[in-house]
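Observations on the three-dimensional arrangement
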Amino acid sequence: QKEVEQDPGPLSVPEGAIVSLNCTYSNSAFQYFMWYRQYSRKGPELLMYTYSSGNKEDGRFTAQVDKSSKYISLFIRDSQPSDSATYLCAMGINTGTASKLTFGTGTRLQVTL
Amino acid sequence: GAGVSQSPRYKVAKRGQDVALRCDPISGHVSLFWYQQALGQGPEFLTYFQNEAQLDKSGLPSDRFFAERPEGSVSTLKIQRTQQEDSAVYLCASSLGVGIQPQHFGDGTRLSIL
């Protein structure tokens, strides 16, 4: 079993819909959580990062972390065709030096007109 | 530079050849990471540098993989005697300091081994 599980999709939604993307993890040592967006043939682009349980909002994006359930989510409001991409969750452990990230498989999102 | 720059963007090599992939991190970034991304998968950690020191190479899949960052800025990932299973996108990321820091990625080098 992988440390981080993410449904690969694809997930298809109409423009304007609310999108919910999720990851579960098994390693309780993970302390910080990130969401990246990756367009085809591009590198991952950081969207959100958080270190604590609860919600963090940035524009149309909300990241939610529930450490007790080992479950994280990314919500996208008013989805746009330009949001069509692969969304990767990533997590890390604070070792005092810069730490490697452990990624999910990525969920492919398609927002249709 | 404005972002992490990687070259070449695409590399095709015959099995058994050696390849070298270059990463130019964001100026002033202390930490540099290499990841490998197979088709349809998330990136997987290969190795980490803090300035010129390679502090973690636990993700390198075999001794055919070697990375260096001799002056604490540009890094090179070298793969010797390439195999077909080495075909993947190799991503470089950098972060400003140490500890918990967001990592910023380049667009990767897509390596195909024939």
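For the structure given in this document, a descriptive report is provided here. (Residues numbered from 1 in each chain as written. Chains lettered and ligands numbered in written order. Predicted model: local features only at pLDDT ≥ 70, side-chain atom pairs only at ≥ 80, totals over all residues. Heavy atoms only, no water.)

Quick word on the side chain of Ser 73 of chain A
Along the chain, the position of Ser 73 of chain A falls in strand β8 (residues 71-76). Given a relative accessible area of 2%, Ser 73 of chain A falls into the buried group. (Helix = DSSP H or I, 4+ residues; strand = E, 2+ residues; numbered from the N terminus. Buried < 20%, exposed > 50% of the residue type's maximum accessible area, 1.4 Å probe, protein only.)

So, unusual backbone geometry
That bond from Gly 9 of chain A to Pro 10 of chain A is cis: its omega, 10 degrees, falls within 30 degrees of zero. Looking at the element boundaries, Pro 10 of chain A is found in the loop between β1 (4-6) and β2 (11-14). Note the cis peptide between Ser 7 of chain B and Pro 8 of chain B, where omega equals -10 degrees. Looking at where Pro 8 of chain B falls in the secondary structure, it is placed in the loop between β1 (5-7) and β2 (10-13). Phi is positive for Lys 70 of chain A, close to 55 degrees, though the residue is something other than glycine.

So, the interface of chain A and chain B
Contacts between the two partners involve 23 residues from chain A, matched on the other side by 27 residues from chain B. Counting the surface lost from both chain A and chain B, the interface buries some 2000 Å², and carbon and sulfur atoms represent 56% of this. For Lys 42 of chain A, the salt bridge goes to Asp 107 of chain B, with nearest N and O atoms at 3.6 Å. Along the contact surface separating chain A from chain B lie eight residue pairs in polar contact (both at pLDDT 80 or more). Listing elements by their share of the side of chain A that touches chain B, those giving two or more residues are β4 (32-38) and β5 (45-50) of chain A. For the side of chain A that touches chain B, the element with the highest residue contribution is β4 of chain A, accounting for four residues. (Contact = heavy atoms within 4.5 Å. Buried area = accessible area lost by both parts, 1.4 Å probe. Salt bridge = Lys/Arg side-chain N within 4 Å of Asp/Glu carboxyl O. Polar contact = N/O pair within 3.5 Å; in protein donor to acceptor, adjacent residues only side chain to side chain.)

Keep in mind these numbers describe shape, not what the thing actually does.
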